[in-house]
Amino acid sequence: MNRAYLDKLFTVVLAGVLAGLALAAAALPAALVLGLGVKNLMPYTVLPEALKTPQPAQRSNLYANDGRTLITSFYVEDRVDVPVGEVAPVMRDAIVAAEDVRFYEHHGVDVRGVARAFTANRREGTRQGASTLTMQYVRNALAGDPRLTEEQRAAATEITVGRKIREMRYALTLERQIGKDEILGRYLNIAYFGAGAYGIAAASKRYFSTTPDRLTLAQAALLAGLVRSPADDPINGDADAARQRRAYVLDRMVETGRVSAADAEAAKATDLALKPNTTPNDCAAVPADHNDWGFFCDWFTQWWNAQPAFGENVDERQRTLRRGGWKIVSSLDPDVQAKASEQVREIYPETIARAAPTAVVQPGTGRVLAMAVNRTYGTTANPDGQQNYPNTVNQLVAGGGGITGYQAGSTFKLFALLAALESGLPLDTEFDAPRVYVTQYPVGAGPASCGGRWCPENANTYWMDGDRDMWDAFGRSVNTYFAWLTERVGADRVVEMAQRLGIVFRAPADAEMAREGAKSWGPFTLGVSATTPLDLAGAYAAVAAEGTWCRPTPVTSITDPGGRTVAAGNTDCRQVLDTEVARAAADASRCPVGDQSMYRRCDGGTAEELAPGLRRPVAGKTGSSERNATETVVAFTPQLAVATIAANPDDPRDAVGGGVQKRQIEAVGRILAWSLRDEPVRDFVPPGQAVAFQHTSPRTGN
């Protein structure tokens, strides 16, 4: 049965049943007319959810932390709802004139329109529809409701008399329950205007770079004409056809008395005056002059895909993101991001294969203010053998998607320090650190093996060997002191401490060792496990926040189209350390970066030039992996934590060398100084006498 025949059949049925037209009754078997009956055309008693609480697909927008700067959007249909009161009256008049001139007179089904369509459709080669604007809305709402199955959505547009009758009954019900203006507003928000624009807000932006409340008569008539023929959009289709549709709408507006003939003629004479504006879609569409935002955006999508609040699996969560109309205010600070990107390129330019992924995290919230790396975010082809240089969409800063991370060297000594403090050892725990220390931990053959036992050595005998406590051992990064300390508290407790502070073992070998062999993993203390700048910044941020670890998050708030805040956007923080333990670790962490502890016990550091340039209390740590394959710098204040790792993501055999660390220290210092330039100077809270100088029972008060 072809479409033309069904349309004729439908209009005959409606005419016969609704208007009792003699012509219709004569054209159809009496049984059909009587079989449908008035009962089957009565309004439904209950509307489906798609019509009671419509949820058309809407684009979600990702903003910077100011809530105004758009990073990008995510959508399958470029649509954002607006109240009908925010649509120019001339646009409302135009759509009514174009689609349903008797909209304000009928009750959902236009009997006159049915009769007219029936009469016209009897003429050979002519076909008219009889759908009112309300019926069109019903069809679109059912076809686009994400809560329905694909089969249910398809049924909403199937070419059958039953579907038409169903539409009519829903339209009658809808008009008994909500007002005309509400229906008109819903229609304007759901209609397709061509060129990828769904709804009047997207259409106003797409064609004229304006908002619905500012549409002119000529603009409104053009958009209203496109609803019936979206393929004629003047951006990608036929501008002449679009002008003809505009003229048709203007003529209809004159007929209905909505505009004067003179105004209509003036509007017809104007140019289309298009100002096309494309809405970005996905992370590859971040603004070209802010390409570096792509890495943050990519990590945001990873984060979203892991949130069970948005669906049972990744596919469902992506559908929720791209159809849900969320306003997502991210944690990204464009000012901090710009400075971080600038400084990363001072460490390494984009023209070399080595990278310096860097993360900036806010202690006490876990909000990630910046993610920078000397790469171009994109999928442009790279030279052979270079997966991540100079272009990549891989997550070099946060890990995941095949990126396991990089060895961070002595920055992991923090976890041994914390485990020791938590066990009851004080900061002034002394040990006469030798050049080489033979431990009980078994290892295979290698330069740090002494008869099958792990035996690390100090990098600088003159500067590191001798009687040390936690302050100067951490400041000078004395390997043998921390090997001894790890033996005292247990390597498994050091590994557990790292996990507690958010270190994720993405490399399968590391994960297996942490799970099965943590008790014998002494070298873990010296940072042999792969990690990322984001994990590392988050761990040190927990110390800055006096023991409160917050899961790193890319969002500040998430609201649904109704303005309701979603709990998934809240911070996820927990107290993971005794406050005194965290304060003591922060006090010792002042030594490596040239600051002074509260008890004046710092005596040398590996990055002493950092504190004088910052001119505010600061703490941190440096780290070098074996053969200087990677170099790491972490620094923090009570308000901010920054971590950067220099490595070659495509070739771990390419040792970056110790020389890069000086540039890293300078870059981290400048990032902190710039980001905190308008913030008050805050000092660390000093640890108490007990945690500094007394052996106690385990410190787990929090």
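Residues numbered from 1 in each chain as written. Predicted model: local features only at pLDDT ≥ 70, side-chain atom pairs only at ≥ 80, totals over all residues. Heavy atoms only, no water.

A. Region of the structure containing the overall build of the chain. In terms of regular secondary structure, the chain is built from 28 helices and 19 strands. Taken against the 2.2 N^0.38 rule, which gives 27 Å for 702 residues, the C-alpha radius of gyration of the chain at 34 Å runs more than 25% over that of a compact globule. For the chain, with 702 residues in total, the buried portion stands at 57%. The contacts of the chain with a sequence gap of at least 6 include a subset with a gap of at least 24, amounting to 71%. (Helix = DSSP H or I, 4+ residues; strand = E, 2+ residues; numbered from the N terminus. Rg over C-alpha atoms; globule rule 2.2 N^0.38 Å. Buried < 20%, exposed > 50% of the residue type's maximum accessible area, 1.4 Å probe, protein only. Contact = heavy atoms within 4.5 Å.)

B. Fine view of the sheet that holds strand β19 (residues 641–646). Reading across the sheet, the five strands line up as β5-β4-β19-β18-β17 and stay open at both edges, with antiparallel pairing between neighbours. Strand pairing shows two members of the sheet lacking a second neighbour, β5 (368–372) and β17 (619–624), which therefore form its edges. Between one strand and the next, the sheet's axes are offset by a mean angle of 5°, whatever the strand orientation. Pairing geometry for β17 and strand β18 (residues 631–636), over six bridges, is antiparallel. Along β18, the bridge assignment pairs Gly623 with Thr632. Where helix α17 (residues 334–347) meets the sheet, its contacts fall on β4 (358–361), β5 and β19, and the angle it forms with β5 comes to roughly 30°. (Pairing = 2+ DSSP bridges. Axes fitted to C-alpha atoms, helices over the stretch in contact; angles between N-to-C directions.)

C. Layout of the sheet that holds strand β3 (residues 327–330). Strand order in the open sheet formed by four strands is β2-β1-β3-β15, and the pairing between neighbours is mixed. Looking at which strands have only one partner, the edges of the open sheet turn out to be β2 (70–74) and β15 (555–559). Within the sheet, the average angular offset between the axes of one strand and its neighbour, ignoring direction, is 15°. One ladder, built from four bridges, connects strand β1 (residues 60–63) with β2; its direction is antiparallel.

D. Local environment of the packing of helix α12 (residues 217–228) against helix α13 (residues 239–255). Following both chains from N to C, one finds α12 and α13 inclined at 110°, their axes separated by 8 Å at the closest point. Considering their axes alone, α12 and α13 lie roughly perpendicular with respect to each other. Contacts between α12 and α13 involve Leu217, Ala218, Ala221, Leu222, Ala224, Gly225 and Arg228 from the former and Ala242, Arg245, Arg246, Val249, Leu250 and Met253 from the latter. (Parallel < 35°, antiparallel > 145°, perpendicular 65-115°, else oblique.)

E. Spatial organisation of the pattern of salt bridges. Tallied over the full model, the rule gives 38 salt bridges. Arg79 serves as the salt-bridge partner of Glu77, at 2.7 Å between the closest nitrogen and oxygen. Salt bridges here are not isolated pairs; linked through shared partners, they connect Arg102, Glu105 and Asp110. (Salt bridge = Lys/Arg side-chain N within 4 Å of Asp/Glu carboxyl O.)

F. Just the environment of Asp251, in detail. Topologically, Asp251 is positioned in helix α13. With a relative accessible area of 35%, Asp251 lands in the partly exposed category. Sequence separation of Asp251 and Ala224 is 27 residues, and the distance between their C-alpha atoms is 12 Å.

G. The arrangement of the environment of Ser209 in detail. One can find Ser209 in the loop between α11 (200–208) and α12. When the C-alpha atoms of Ser209 and Pro686 are compared, they prove to be 56 Å apart, with 477 residues separating the residues in sequence. Within the structure, the side chain of Ser209 is placed 2.6 Å from the backbone oxygen of Lys275, a separation counted as a polar contact. (Polar contact = N/O pair within 3.5 Å; in protein donor to acceptor, adjacent residues only side chain to side chain.)

H. Broad picture of the packing of aromatic side chains. Taken as a whole, this structure holds 28 aromatic pairs when the rule is applied. A centroid spacing of 3.7 Å and a plane angle of 5° characterise the contact between Trp304 and Phe310, whose relative ring orientation is stacked. Judged by relative accessible area, Phe310 falls into the buried class, the value being 4%. Put simply, the rings of Phe74, Phe300, Trp303, Trp304, Phe310 and Trp326 pair up and form one aromatic cluster. (Phe/Tyr/Trp six-rings, centres within 6.5 Å; stacked < 30°, edge-to-face > 60°.)

I. Spatial organisation of helix α25 (residues 579–589). Across the 11 residues of α25, nine count as buried, placing the element largely inside the fold. Of all the residues in α25, the buried ones are Thr579, Val581, Ala582, Ala584, Ala585, Ala586, Asp587, Ala588 and Ser589. Sitting at the head of α25, Asp578 places a side-chain oxygen 2.9 Å from the backbone nitrogen of Glu580.

J. Expanded view of helix α21 (residues 479–489). In terms of burial, α21 is largely enclosed, as nine of its 11 residues are buried. Of the residues making up α21, those classed as buried are Asn479, Thr480, Tyr481, Phe482, Ala483, Trp484, Leu485, Thr486 and Val489. Immediately beyond the C-terminal end of α21, within one or two residues, lies Gly490, with a positive phi of roughly 100°.

K. A look at the nonpolar core. Within the largest apolar cluster, 106 residues are counted, with the highest numbers of intra-cluster contacts made by Phe415 and Tyr481. With residues up to four places along the chain from it excluded, the contact list for Tyr481 reads Thr429, Glu430, Phe431, Ala433, Arg468, Asp469, Met470 and Ala473. (Core = buried A, V, L, I, M, F, W, Y, C linked by side-chain atoms within 4.5 Å.)

L. Here's a closer look at unusual backbone geometry. Of note, the bond from Tyr389 into Pro390 is cis; its omega dihedral lies within 30 degrees of zero at 0°. Positive phi values are uncommon outside glycine, yet Ala195 reaches one of about 55°. As for its position among the elements, Ala195 is in the loop between α10 (180–190) and α11. Here Arg600, not a glycine, exhibits a phi torsion of approximately 55°, which is positive.

M. Spatial organisation of the state of the cysteines. Per the counting criterion, the structure on display carries four disulfides. Two residues share a disulfide in this structure: Cys550 and Cys573, whose sulfurs sit 2.1 Å from each other. A torsion of 110° about the S-S bond marks the disulfide between Cys550 and Cys573 as right-handed. With Cys550 in strand β14 (residues 548–550) and Cys573 in strand β16 (residues 573–575), this pair connects stretches of sequence that are 23 residues apart. For Cys550, a relative accessible area of 5% corresponds to the buried category. Judged by its relative accessible area of 31%, Cys573 falls in the partly exposed class. Shown here is the disulfide that connects Cys591 with Cys602, its sulfur atoms set 2.1 Å apart. Negative torsions about the S-S bond denote left-handed disulfides, and the value of about -80° found for Cys591 with Cys602 makes this one left-handed. In this pair, Cys591 is assigned in the loop between α25 and α26 (610–614) and Cys602 in the loop between α25 and α26, connecting sequence segments 11 residues apart. Going through the chain in sequence order and numbering each bonded cysteine, the pairs you get are 1-2, 3-4, 5-6, 7-8. (Disulfide = S-S within 2.5 Å.)

N. Fine view of the packing of α11 against α12. For the pair α11 and α12, interaxial distance at closest approach is 11 Å and the crossing angle is 115°. Considering how the two elements wind past one another, α11 and α12 form a crossing that is right-handed. Taken together, the residues of α12 that come into contact with α11 (itself represented by Ile200, Ala203, Ser204, Tyr207 and Phe208) are Gln219, Leu222, Leu223 and Leu226. Residues that form the contact of α11 with α12 fall into these classes: seven nonpolar, two polar and no charged. (Left-handed = near helix turned anticlockwise from the far one by under 90°. Nonpolar A, V, L, I, M, F, W, Y, C, P; charged D, E, K, R; others polar.)

O. Fine view of the confidence of the model for the chain. Taken as a whole, the chain shows an average pLDDT of 91; of its residues, 91% reach a score of 70 or greater. Counting contacts from residues 3–12, a segment whose pLDDT is below 50, to residues more than four positions away or on other chains yields 29 contacts. Between residues 19–36, whose pLDDT stays under 50, and residues either more than four places distant or in other chains, the model counts 23 contacts. (pLDDT = per-residue confidence, 0-100.)

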